[in-house]
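Summary of the model geometry
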Amino acid sequence: MIPYGKQDISQADIDAVLEVLQSDFLTQGPKVPEFEAMVAGHVGAKYALAANSATSALHLACLALELGEGDWLWTTPITFVASANCGLYCGAKVDFVDIDPQTYNLCPKQLAEKLEQAKQESRLPKVLVAVHLCGQPCDMEAIHKLSLQYGFSIIEDASHAIGGKYKGEFIGNCRYSDITVFSFHPVKIVTTAEGGMALTNSDKLASRMNLLRSHGITRAQSLMTREPDGPWYYQQVDLGFNYRMTELQAALGVSQMDRLNDFVARRHELARRYDQLLADLPVTTPWQHADSYSGLHLYVIRLQREKITTTRRQVFVSLREQGIGVNVHYIPVHTQPYYQAMGFKVEAFPEAMAYYREAISLPMFQGLTDNQQDQVVATLKLALAGSEN
Ligand SMILES: *Cc1c(COP(=O)(O)O)cnc(C)c1O
């Protein structure tokens with residue numbers, strides 16, 4: 001099976017992890033700060049806080065932004081559930097903004113309209129999670145402008161987008177947001193097995209996330225309520241979690257970061273090849289914004305259903321049967337039973353639903369060979385023709 005995504009592990013990665021395994025620190029040592037400094041330096045953010053997953057980092061980000069009961073978090077329905085769940089963890093309510101049919105990202109025009117409506121009803125969001133789907137950046141300038149007008153905070157869920165650029169600058173520098181989150185799950189662009197990171201330029205937000213990542217416990221006297229009893233002393237000043245990344249994970253991350261630019265460059269080569277090889281097929285290939293450089297975590301095609309006699313389901317099943325590990329990103333979050341129980345109407349987000357009925361993610365990862373890619377395309381051609389071979 002050719003999977004849709006796969007990690008790329010080198011001998012240097014293995015050596016880096018083994019070295020930590022034989023060192024004094026398996027957790028809370030020097031590797032996590034080294035990884036944090038490396039990512040912060042690469043993307044141009046002041047602070048980076050590693051966590052045991054992007055989901056944890058999103059939770060920390062929402063808590064640092066003081067999202068709580070009675071507040072609203074808005075995001076796109078076309079994302080992984082974690083982009084929305086982080087709001088629910090904080091006791092906030094979640095709502096969605098439909099996608100732009102060209103970029104598949106949250107649509108800034110619909111956002112503007114929904115904000116105006118929400119303002120009249122006094123239910124403006126406190127936090128907006130902007131997801132750079134497939135690695136393609138959202139229209140951050142427009143979203144940022146709206147945040148100033150309506151007074152909400154912005155988290156960039158850049159789980160798909162490390163190594164990508166928006167208007168010439170690396171995603172993660174938080175120029176248009178309060179916090180940016182990366183994921184290091186193995187299907188993502190660089191991996192630490194499980195892992196995530198939150199980046200920010202704010203002293204206050206970094207300090208909050210740092211505290212809550214480790215039980216709400218501090219050894220910094222400036223955060224304590226009184227003089228320490230002695231050198232052993234720490235205080236729990238808030239209710240936090242254990243969301244720490246291990247040294248083994250950080251060592252893998254440091255080693256992987258050396259190849260980030262190569263990884264993304266290879267993904268771009270593959271995307272260009274797909275664009276050419278699929279040009280005459282009844283599919284819509286991903287649109288790329290001229291002003292941005294996608295991280296290209298995913299390569300999603302949309303079937304032009306009016307031009308084919310088969311269904312998306314048939315095409316998908318036929319590809320899987322032929323050893324092509326395609327996937328669908330994503331099942332719209334508001335259609336999940338847990339969200340349905342909150343009363344969301346399935347057709348409330350028609351662009352998201354239209355996208356969902358047509359989308360297939362083709363294999364896209366740095367180790368995919370040209371030969372394998374040719375095999376994907378040949379199999380797709382047969383599947384689209386409805387051939388049962
Ligand atoms: C993968 C992913 C996450 C969650 O990442 P984990 O590191 O697995 O917690 C969140 N948001 C998006 C958009 C993702 O793709």
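Anything mentioned here points back to the structure above.
What counts and how
- Residues numbered from 1 in each chain as written.
- Predicted model: local features only at pLDDT ≥ 70, side-chain atom pairs only at ≥ 80, totals over all residues.
- Heavy atoms only, no water.
- Near = heavy atom within 4 Å.
- Polar contact = N/O pair within 3.5 Å; in protein donor to acceptor, adjacent residues only side chain to side chain.
- Areas by Shrake-Rupley, 256 points an atom, 1.4 Å probe, with all protein chains shown as cover.
- Salt bridge = Lys/Arg side-chain N within 4 Å of Asp/Glu carboxyl O.
- Helix = DSSP H or I, 4+ residues; strand = E, 2+ residues; numbered from the N terminus.
- Buried < 20%, exposed > 50% of the residue type's maximum accessible area, 1.4 Å probe, protein only.
- Pairing = 2+ DSSP bridges.
- Right-handed = clockwise from strand over helix to strand, strands pointing away.
- Core = buried A, V, L, I, M, F, W, Y, C linked by side-chain atoms within 4.5 Å.
- Contact = heavy atoms within 4.5 Å.
- Phe/Tyr/Trp six-rings, centres within 6.5 Å; stacked < 30°, edge-to-face > 60°.
- Lys NZ or Arg CZ within 6 Å of the ring centre and 35° of its normal.
- Axes fitted to C-alpha atoms, helices over the stretch in contact; angles between N-to-C directions.
- Parallel < 35°, antiparallel > 145°, perpendicular 65-115°, else oblique.
- Left-handed = near helix turned anticlockwise from the far one by under 90°.
- Nonpolar A, V, L, I, M, F, W, Y, C, P; charged D, E, K, R; others polar.

In this section: the site of the ligand. Neighbouring residues of the ligand: 15 residues in total, closest Thr55, Asp157, His160, Ser183 and Lys188. Between an oxygen atom of the ligand and a main-chain N or O atom of alanine 54, the distance comes to 2.9 Å. The side chain of serine 159 places a nitrogen or oxygen atom 3.4 Å from a nitrogen atom of the ligand. For the ligand, whose free accessible area comes to 380 Å², the fraction covered by protein is 93%.

Once that is clear, we can look at the pattern of salt bridges. Per the counting criterion, the structure on display carries 21 salt bridges. Note that arginine 259 and aspartate 13 form a salt bridge whose closest N and O atoms lie 3.0 Å from each other. A residue pair is termed long-range when its members are at least 10 positions apart, and arginine 259 in the loop between helix H8 (247–257) and helix H9 (260–277) and aspartate 13 in helix H1 (residues 11–21) qualify at 246 residues. We note that arginine 259, like aspartate 13, is buried. Put simply, glutamate 36 and arginine 213 hold a salt bridge, and the shortest N to O gap is 2.8 Å. Of this pair, glutamate 36 sits in helix H2 (residues 31–43) while arginine 213 sits in helix H7 (residues 203–213); the two residues are 177 residues apart in sequence, bridging distant segments of the chain. Residue classification places glutamate 36 among the buried positions, given a relative accessible area of 11%.

Attention now goes to the pairing of strand E3 (residues 93–96). The pairing of strand E2 (residues 72–75) with E3 spans four bridges and is parallel. When the bridges of E3 are listed, threonine 75 appears paired with phenylalanine 96. Chirality of the crossover, the property in question, places the unit of E2, helix H4 (residues 82–89) and E3 among those that are right-handed.

This part takes up the nonpolar core. Generally speaking, nonpolar side chains in soluble globular proteins are found buried as a group. Within the largest apolar cluster, 48 residues are counted, with the highest numbers of intra-cluster contacts made by Leu73, Phe96, Ile155, Ile179, Val181, Met209 and Tyr355. Those elements that provide at least two residues to this core are strand E1 (47–51), helix H3 (54–64), H4, E3, strand E4 (127–131), strand E8 (179–183), H7 and helix H12 (350–358). Among the elements that make up this core, the one with the highest residue count is H3 (seven residues). Not counting residues within four places of it along the chain, the set of residues in contact with tyrosine 355 comprises Ile78, Ile99, Tyr104, Leu133, Val300, Arg302, His329 and Tyr330. Listed in part, the 45 residues of the second largest apolar core include Ala50, Ile154, Tyr166 and Val254.

Glancing now at the sheet that holds strand E13 (residues 292–293). Here we have three strands laid out as an open sheet, ordered E7-E6-E13, and antiparallel in their pairing. Taken across any chain shown, the strands that pair with only one partner, and hence form the sheet edges, are strand E7 (169–170) and E13.

Here we take up the packing of aromatic side chains. Following the criterion strictly, the structure yields eleven aromatic pairs and no others. Between the aromatic rings of phenylalanine 96 and phenylalanine 349, the centroid separation amounts to 5.9 Å while the plane-to-plane angle is 75°, which identifies the pairing as edge-to-face. With a gap of 253 residues between them, phenylalanine 96 in strand E3 and phenylalanine 349 in the loop between helix H11 (337–340) and H12 connect regions that are remote in the sequence. Here phenylalanine 96 falls in the buried class, since its relative accessible area comes to 0%. Taking relative accessible area as the criterion, phenylalanine 349 reaches 5% and is therefore assigned buried. Look at tyrosine 104 and tyrosine 355: their rings are 4.8 Å apart centre to centre, the planes differ by 55°, and that puts the pair in the tilted class. Separated by 251 residues along the polypeptide, tyrosine 104 in the loop between E3 and helix H5 (108–120) and tyrosine 355 in helix H12 bring together distant segments of the chain. Across the pair, tyrosine 355 and tyrosine 104 agree in class, each one buried. Above the face of the tryptophan 74 ring, lysine 114 is positioned so that its terminal group lies 5.4 Å from the ring centre. Taking the ring centre of tyrosine 356 as reference, the NZ or CZ of arginine 312 above it sits at 5.1 Å.

The next subject is the packing of helix H10 (residues 312–321) against helix H13 (residues 370–384). Following both chains from N to C, one finds H10 and H13 inclined at 140°, their axes separated by 9 Å at the closest point. By the criterion of interaxial angle, the relationship of H10 to H13 is oblique. Crossing hand, H10 versus H13: right-handed. When H10 is examined against H13, the residues Val315, Ser318 and Leu319 are found in contact with a partner set consisting of Val376, Thr379, Leu380, Ala383 and Leu384. Among the residues making up the contact of H10 with H13, the classes are represented as six nonpolar, two polar and no charged.

Tracing the chain through its elements places asparagine 105 in the loop between E3 and H5. From its side chain, asparagine 105 meets the backbone oxygen of glutamine 136 in a polar contact 2.9 Å long. In contact with asparagine 105, other than residues within four places in its own chain, are Ile99, Asp100, Val131, His132, Leu133, Gln136, Pro137 and Cys138.

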